[in-house]
Every structure is written in structure tokens, then in C-alpha cells.
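These are the residues of each chain, in order.
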Amino acid sequence: MTALRHLTDVASLPEETFRRLLSRSLTIREMMDRGSFPAPVLDRRALVNLFFEDSTRTLMSFEMAAKRLGAHTLTLPIANSSVKKGESLEDTVLTMCAQGADYLVIRARDQGTIARAIDVIEQEGFLASVLNAGEGSFGHPTQGLLDAATMLRAIDRTPDQGLTGYKLAICGDVSHSRVAASTIEASACLGAEIVLGGPVALLPDAPPPGVQAMTSSVAEAVSGADFVMTLRLQKERMTKALDLSLEEYHRQYGLRHEVIAAANPGAFILHPGPANRNVEITDALADDPARSLIRSQVRQGVALRMALLEEIERGKSR
Amino acid sequence: MTALRHLTDVASLPEETFRRLLSRSLTIREMMDRGSFPAPVLDRRALVNLFFEDSTRTLMSFEMAAKRLGAHTLTLPIANSSVKKGESLEDTVLTMCAQGADYLVIRARDQGTIARAIDVIEQEGFLASVLNAGEGSFGHPTQGLLDAATMLRAIDRTPDQGLTGYKLAICGDVSHSRVAASTIEASACLGAEIVLGGPVALLPDAPPPGVQAMTSSVAEAVSGADFVMTLRLQKERMTKALDLSLEEYHRQYGLRHEVIAAANPGAFILHPGPANRNVEITDALADDPARSLIRSQVRQGVALRMALLEEIERGKSR
Amino acid sequence: MTALRHLTDVASLPEETFRRLLSRSLTIREMMDRGSFPAPVLDRRALVNLFFEDSTRTLMSFEMAAKRLGAHTLTLPIANSSVKKGESLEDTVLTMCAQGADYLVIRARDQGTIARAIDVIEQEGFLASVLNAGEGSFGHPTQGLLDAATMLRAIDRTPDQGLTGYKLAICGDVSHSRVAASTIEASACLGAEIVLGGPVALLPDAPPPGVQAMTSSVAEAVSGADFVMTLRLQKERMTKALDLSLEEYHRQYGLRHEVIAAANPGAFILHPGPANRNVEITDALADDPARSLIRSQVRQGVALRMALLEEIERGKSR
């Protein structure tokens, strides 16, 4: 088996690697729950965070994962840096590589950033790995992977058993969501039935690959679902695009126990966080210990990122 | 003896724990002064700083203490985080716990924050410890403890010998000071006589427990004192509340050698820092090596925080 | 041989220390290029970054070097700190020393800052070392040293062989450049012939020690050069002082292949970065793998800073 070098998106992961990452992340999660951690295989490696857009919890999650595995972590203070003075992405990336970065975790606003970073690194012969920590509206592969692992764990299935026979409803602002894009890819790989529900203006024009149906009725999307994921509403975007008050949005598209009643008994709720409480989801549902996987997703995220770093590290010569 | 889990305030520390912390901090201080450090008992622990209010020196002190003991440290970049987008304290705290934080060092503006954090962590069954790094005007327990240890060290006494027979004058803006609150608690536990002096508008309505007297005359407060602590003046608050110029404030309530002449020979000066030089204290006094314990407080602070982390760590199962 | 304690400037380094630093940095560079690192001789040391002015790449370079050698690194968040509330340099520096800093890396706007920091540390009997990470327009010694090492490496010479017989042209805004100041010192020590070229308003009034000639013609400066260094143009300063558009500046003083044609065949290009591409240097030249040492300088910078930390550490008792 060839080891992975970069993480660009879920769809381009070899099937075997995809399953191994999920499986290993579930094992590491169990270790975490018992208070232990994998061996520090990233000892003396340097991981540099390049966040061109703020994302505290993703940053902290990568940093926690890397430190647990023994890596040095450095975070480029973008707000104070020459990036603000107009330095190109390529110059920033190559400078970090020249300084000795082994891993670059990149969060970007613009599509294509991750690919440009990888191109220039490989052209210049550096050995650093690039990890996509969210790119525009186009993908957030570690989130997609952690969502898939969290669902498997909730129903006690392995990646090989997959999600066949299970229905996932994804609700809300799907078309602008990098999370939805990656979670759809990962869940489809596992055989889940996927339905999207939300305001027509916030749904894609056509169902993306792997999606069985789209509907403007959240009730319909949720009907018979085993997993219901809702997404963070970008308030500015929504009020502009939809001309709806937050209250009205909640009434029509928000998740609450009554809405979820149409789902399968025991259906689980997911949200990538941070949630707008009582907008896309009620407090009661977000905090319902029998339903909500929100905290579990956060924890699985650290485990998944450790699994990813281990996977890539295996391919590096010492 | 039961090990401590959280640090909320000085008053709720068991007497035995209180003395052990001070004693251990004095031992660690001696090690530091010889260039050595305790064993890295926090190896593989993750300490997360959650500072809802800036406090550089407290942040650096906790970070230094934690790193010296082998912990990983992470600092949530609050200014760029979802906290700014309205995420609740509870969500922020539980997210950090889910990611695997073993210690949360919290600095908060509002009273009750520390208690809310502890409640939600325990409700959800997480094992993380919360350390109060300053909360509103209500308490700053590590500062109170380090002040007590610094005074003991200056007169070469053990915590068991205490401060009985010694007089501490606390001057300036006492009523708004979280430091004063905690230093009073810690010094009173050690048997010190405590007197407050400052503008009536900046003194409490009634003497807090452990305080023998309050006076608007700094000269009177200082008279016969063995230790004189002055506090950072919040300039905006003062000029508003008192309608005094900074020069006039200094003349009436500031510390200088003439004022201190009424204290006992050899009396020591304390200030939690950062000082407004030549407002609440003159340069000459702040820098007088025979009098000023200001730098000693800073150093004792790192030692005290190491002692605290060691104490809590003893209670955690590995 | 006496070990170094502080790094203030290139000129005051003992000749032997100067050569040893360059030589060791070349050895470490080779190790880095093979993927290895020196022994972690700074284990349990604390290095604190005090950057009173932003400089991301210098900060990251010191941090990378220190972590690779096993040190704890802490960065004072100046923007949020009591420095902003008017705390004096001396108080900030002594507070960090009292907390246990072993190394202070200082970047300063004002000349004399480094000397003031050293004075107060030694007066108070602290053992911390101060490293100048750039001070006003007056010096940036690690940059000067890394430039010298990069040139030696490019022509495969040792520090003892030096740069005698080689010509270095430094072009652009020389008089405001801390880099130029230090690179001139370091290159002159190695016996290079040094010529400055640029707008008269941006050249010193008289040639600094070690400089053979100054000219307003970049073509003349570059003629017969083996190394051509250009400097980051401070756009605001330039447009104000020179009343030139950026295009006109580039036409008259910028580096491009045609301009470089007058240099020796195989001449190398240096730039301390970050470059204003197509202002002081064209894309084509900055990225010409046969000519440009820009990335090599960045990498040598980490190696040089490791060599420096090792050198100082040798002099510290454990």
C-alpha cells in the first residue's frame, strides 16, 4: 500500500486509505476515551499552521493532534505577517518549507489554494505534506472524514460494514458549505442514502454525486433519516439571499424535537459547529444526550487528525 | 489527603492544601534560583489557556509553569474565535474538553464564569481541571497565594509559622481589585493583621473578613506595617470616580519613601504589576532593592503555579 | 575560547566566534538538507520572543531553530500586552527574566533597545541572553551572518577561505536598511569587495567602513559583481522621498536579467525577503534557480540561528 502524502479532498483518497483512516481514528478515539494516546511518531517533526481564514476549533484540533503525536507546532501569525503586505501564497509556502516545515496545515478562502501550494512545493523539490483544513466552499476533508467516523461509531459499525441501509439528511445552507461537500463525499463512499433539505436558494442547482434527492421541505428530508446534520447558517448571507428573519428561518428550516419526530426512532443529530443556537438548531436538541453527536464529532476530529498524521508519517523516510 | 481538582478561590482551599501549596512553591522557587526545575510530571498533559480578557503576564506565567512541567500548552485565540461570534462559554469550554484538554486556565471578566465552567464540565463527565486566572473584581487566587508566599519568603518563615504578628497595609483601589480580594484571603489565613487605605470611593463599604481596619489615610494605613502592597490604578475608573488628576492621586495616595517612613524599618513593598510608575508608586520605591518585592512576586508566581499544577496532577489517574 | 553571551551586532563578535558561527551554520545546513538536526542541547531552556515590531519570518525562524534544539518557546503577545499600556522596556524585560526566560529574542523599532535590555538584565543579576532580531535601521546581525554563510556556501568556500577576490553589490534603499548594515559588516570581515548602488537619497552620506564605493548607477554597481543583493523597498518611504512611481523605480533601480548581464557570469542574487516582486526585482530573476539564493538564505537562517543558540548555550552552566 502506498502511503498518502497530501490531503486534498475526500474523493481522491484511495478507497483502502479512506477506510484505514476511519478505522484508525476509531481506535485512537477509544484510546483517548481511556486517557491514553498513540506513540509520538511525529517526534521532531514541525507542523506549521497557515490559516488564511480564522477557524479556531479546526486550528486547535490540528494543534492538539500534532502535539499529542510529538510534533513541534508553529502558527504563522497571518494578521501581522507579510501576507498582509501582499506576499504571494507561493512565497509564503516556500519560505515555510525552506525553514523546515514537514507539514503545512492550510485553511484558505479561495478554491485552488491547496492545489497551488502542493504544485509549488513539489516543483521546488521540498518534501513537506499539505493538509487541507478547509478551502472556500469547496471542501473540508478532515471534517467529512470525522463526520463519517462519528456516524459509524454511533451505530457501532466498522468502515467495512459502512453505512449502507442508513439515511443521512443534510439540512440548511448546503450550497455554500465546505463541510457538506466533504461529508457528502465521505458518507456516499460508505453507502449511505443522502438527502438534502433547505431553502431552494441555499441548495445546489443539481444533486451532487452521491445525493439521492433534494427538497425544500426539511420535514420531508428528515423523514425516515437515521442521521440528521444541520449546518451553520451564515447569518449575513441568509438574510440577504432569503429575506427571512432568523425566527422565520428557524420556523421553516431549523431542527427541533418536533421536526425530528419524523426521523427514525433513535436518529442522531450532527452539526460541524459552532452552532447558532435556536437558529438552525434548538438548545434542547443540540444538548440532548440521546440524540446529539456534536461533542462526539469534536472529539473524533482530534482522533481523525492523529490518524491522518500517522498515515502520512509512515510514508516519510527518516 | 484528598488532592485538589479545581482552583476557584483561596477561601475554599482546605487549610492543609493551602499550606502545602505555599510550602511547595517556596521549595520550587529555591530550585529555580539554582537553575533547576521539578520533574516533568505533566508530561503529555494538555493545558489550554482561555483568556476572555487580556493578561499577558498571568498568561506567560501559567505557560512557563506548564511547559517547565512537561505539559503541552495551547492558547485559544479568543479575538479571532467563535467566541466573538457569540458562542456560549459552555460550548467553548466543552469543545476544549472534547478535544482533550486536561487543564483549562480561565481568565474572565464576569463573576460566576469559573463556577459555570466547572459545573458544565462535571455535568458532562469530563475530567479536566479548571484554574481561575482572575475573575472580574472577585478573585485572582494564584496571585493571592503567590503574594502570601512572597511575604513568607521575605521574612524567612514557613507557612506553618505564618504571618502572625505582621501587619500588611493594602493601598489604593481596593474595592475593584481581584488581587486585593485574594491577597486578603491568603494573608488572613496566615494570621496577618490587615489594614486597607485609600480613597473612600475605592474602599469596600465594610471591611471584608480578615481585615482589621480601613482608613482614607494611606499614612495611617502604612503606620507600623511590615508589608505595604499598592494596586494598579485603573486610570479611567479613577479619574471618573474621584475627579482627581494623576498627580493629585499620587500626592494623596501614592507610595514613596517619605510615606513608607511611617512603616516598620525594613518594611517591604508589593505590587501585582504592571505598575503605573509615579502614579501609585514612585520609580525609586518600585526599584529599591532593599524594599521592593515586585520582581520576587513575579518569580514566585511561576513557582506557585508549578506547585498548583503538581498538586492537581497528583489527583489524576494515569 | 570564551563563549558568547549576547548577540548585539556583527562587528563586536570576536573574529574566532564569527568564523565558528558561520562554519557551524554550514554544517547544520547540511544536516537539515539530509533531514537531520543537531542534538537538542537547549532541552528545558525557555526562549521568549519579544517582538516590538512585526517580523513574521524572523520570528518563525528563531522559533523553528529553538524548537529543533529542544527549547520551550513563548511569544509575548505585544499587541495585547501591558507594553501597549505604557509598560517600560525594562519592566517587560525583567518580568520575563524573573519568570525564568533563558533567552530573549528582541525585535525593536528604536536604536539602543538591545543595549538597554542587556544593561538592565546584567544590573539585576539575571543570566538570560539577549539576541538582536533586528533593531531600527541599525542592525540585524543574524541576517548579516546568514547572508555571509549563504554566499560562502554558494561558492563552496569555508569561512577561513573567506570572500576575498569576490565582489558584492548591494542595491536599493541601503541607508534605511538594518540588513544592509549587518551584511556589510559580515561580508567585509570575510574580505569581500563591497559596492553600494541606488538613488542618492537612499544611500548613506559616506561609505560605511568596509565599503569600497557608492554609485547612483545600479548598472555600475553590478558591473563585475559575483553577488548582487537588493533590498526590500519601503514603498511609502520611497514614493515620499523620491517622488518616483514604482514602475519608474523598477526601471531605474530594479534588478532584472538585463541589468545582471553586467555582473560576472554565474553571479548570484540575494534578497532578505519578503520581496516586492517586480519592484526591486523581477519574478524571473527572483525565481531563477541558477541565480537566486533567496530560498537558500531562508534555510541558512534557521541553521545560523541554531548555531548561535548552540554557541551561547555552551557558555551557560547547567
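Per chain, the residues get numbers from 1 upward, laid out in the order the sequence is written. Chain labels run from A onward and ligand labels from 1 onward, assigned in the order the entries are written. Two thresholds apply to this predicted model, a pLDDT of at least 70 for residue-level local features and 80 or more for giving and counting side-chain atom pairs, whereas whole-chain, interface and lining totals are computed over all residues. Think of the side-chain values as coming from all heavy atoms in the structure, minus any hydrogens and water.

K.L.:
Sorry if this is basic, but what is going on with the pattern of salt bridges here?
P.N.:
Where charged atoms from two side chains of opposite charge come close, those side chains can pair. What makes a salt bridge here is a side-chain nitrogen of Lys or Arg within 4 Å of a carboxyl oxygen of Asp or Glu, nothing more. Under the definition given, this model contains 78 salt bridges over all chains. Linking E87 of chain A and R57 of chain C is a salt bridge whose minimum nitrogen-to-oxygen distance equals 2.5 Å. With E87 of chain A in the loop between β2 (72-75) and α3 (89-98) and R57 of chain C in helix α2 (residues 56-68), this pair bridges two chains. Among the residues examined, E87 of chain A registers a relative accessible area of 13% and is labelled buried. Note that D43 of chain B and R44 of chain B form a salt bridge whose closest N and O atoms lie 3.5 Å from each other. Judged by its relative accessible area of 49%, R44 of chain B is partly exposed. Through salt bridges with shared partners, one network takes in D91 of chain A together with R277, D283, D287 and R295 of chain C. Counting from the N terminus, the helices are the DSSP runs of H or I reaching at least four residues and the strands are the DSSP runs of E reaching at least two. Buried, partly exposed and exposed residues are distinguished by accessible area as a fraction of the type maximum, computed with a 1.4 Å probe on protein chains only: under 20%, between the cut-offs, and over 50%, respectively.

K.L.:
What exactly am I supposed to notice about the packing of aromatic side chains here?
P.N.:
Both the distance between ring centres and the angle between the ring planes are used here to describe each pair of aromatic rings. Residue and element names in this part refer to chain A. For Phe, Tyr and Trp, where Trp contributes only its six-membered ring, two rings pair if their centres lie within 6.5 Å, and the inter-plane angle classes them as stacked under 30 degrees, edge-to-face over 60, or tilted in between. Overall, the coordinates contain nine aromatic pairs over all chains when judged by the stated rule. Here the aromatic rings of Y166 and F227 are separated by 6.3 Å at their centres, their planes lie at 45°, and the arrangement is tilted. With Y166 in the loop between α5 (141-154) and β5 (167-171) and F227 in strand β8 (residues 227-230), the pair connects residues that are 61 residues apart, well separated along the chain. Aromatic pair Y249 and Y253: ring centres 5.4 Å apart, planes at 45°, arrangement tilted.

K.L.:
Hey, could you run me through helix α9 (residues 246-253) of chain A in this one?
P.N.:
Three- or four-residue spacings in an α-helix give side chains the same orientation, since the helix completes a turn every 3.6 residues. Residue and element names in this part refer to chain A. Of all the positions in α9, only Y249, H250 and Y253 are classed as buried. Looking down the long axis of α9, one finds its buried residues gathered within 100° of arc, a one-sided arrangement. For α9, exposure combined with an orientation more than 90 degrees from the buried face picks out E247 and R251. Directions pointing from the helix axis toward each C-beta atom define the arc.

K.L.:
Any chance you could explain the sheet that holds strand β9 (residues 268-270) of chain C here in plain terms?
P.N.:
The strands that make up a sheet pair up through hydrogen bonds in the backbone, lying either parallel or antiparallel. Residue and element names in this part refer to chain C. An order of β7-β6-β5-β8-β9 is seen for the five strands of this open sheet, with the pairing classed as parallel. Each of the sheet's edge strands pairs with one partner strand only, and the pair in question is β7 (213-215) and β9. For this sheet, the mean inter-axis angle between neighbouring strands, taken without regard to orientation, is 20°. Being paired, for any two strands, means DSSP has found at least two bridges between them. Relative to strand β6 (residues 193-197), strand β5 (residues 167-171) is paired through five bridges, and the arrangement is parallel. Counted as the bridge partner of A169 is V195 from β6. Only the stretch in contact is used when a helix axis is fitted, and all axes are lines through C-alpha atoms; the angle between N-to-C directions ranges over 0 to 180 degrees.

K.L.:
Would you take a moment to explain the interface of chain A and chain C for this structure?
P.N.:
Interfaces are often described in size by the accessible area the parts lose on coming together. Whether two residues touch is decided by their heavy atoms; if any such pair falls within 4.5 Å, the residues are in contact. Contacts between the two partners involve 26 residues from chain A, matched on the other side by 18 residues from chain C. Contact between chain A and chain C buries roughly 2000 Å² in total, counting both sides, with carbon and sulfur atoms accounting for 55%. Its largest share of buried area at the contact with chain C, chain A owes to L74, A98 and Q99 of chain A, together 31% of the area lost on that side. Applying the counting rule to chain A against chain C returns four salt bridges. Here R295 of chain C and D91 of chain A are joined by a salt bridge, their closest N and O atoms 3.7 Å apart. Polar contact criterion, stated in full: a pair of N or O atoms within 3.5 Å, where within protein one must be able to donate a hydrogen and the other to accept it, and residues adjacent in sequence count only if both atoms are side-chain atoms. Along the contact surface separating chain A from chain C lie ten residue pairs in polar contact (both at pLDDT 80 or more). Only β1 (46-51), β2 and α3 of chain A provide two or more residues apiece to the side of chain A that touches chain C. When residues in the side of chain A that touches chain C are grouped by element, the largest group, six residues, is from α3 of chain A. Accessible area, probed at 1.4 Å, shrinks when two parts are joined; the buried area is that loss added up over both.

K.L.:
Just to check I follow, could you spell out the relation of the copies chain A and chain C for this structure?
P.N.:
Least-squares fitting of one copy onto the other uses the C-alpha atoms of those residues that reach a pLDDT of at least 70 in both copies. By a simple turn and slide, chain A fits onto chain C: the slide is 0.0 Å along the axis, the RMSD is 0.0 Å, and the turn is 120°. On this basis, the relationship between the two copies can be described by a three-fold rotation axis.

Any link to function would need more than the numbers given here.
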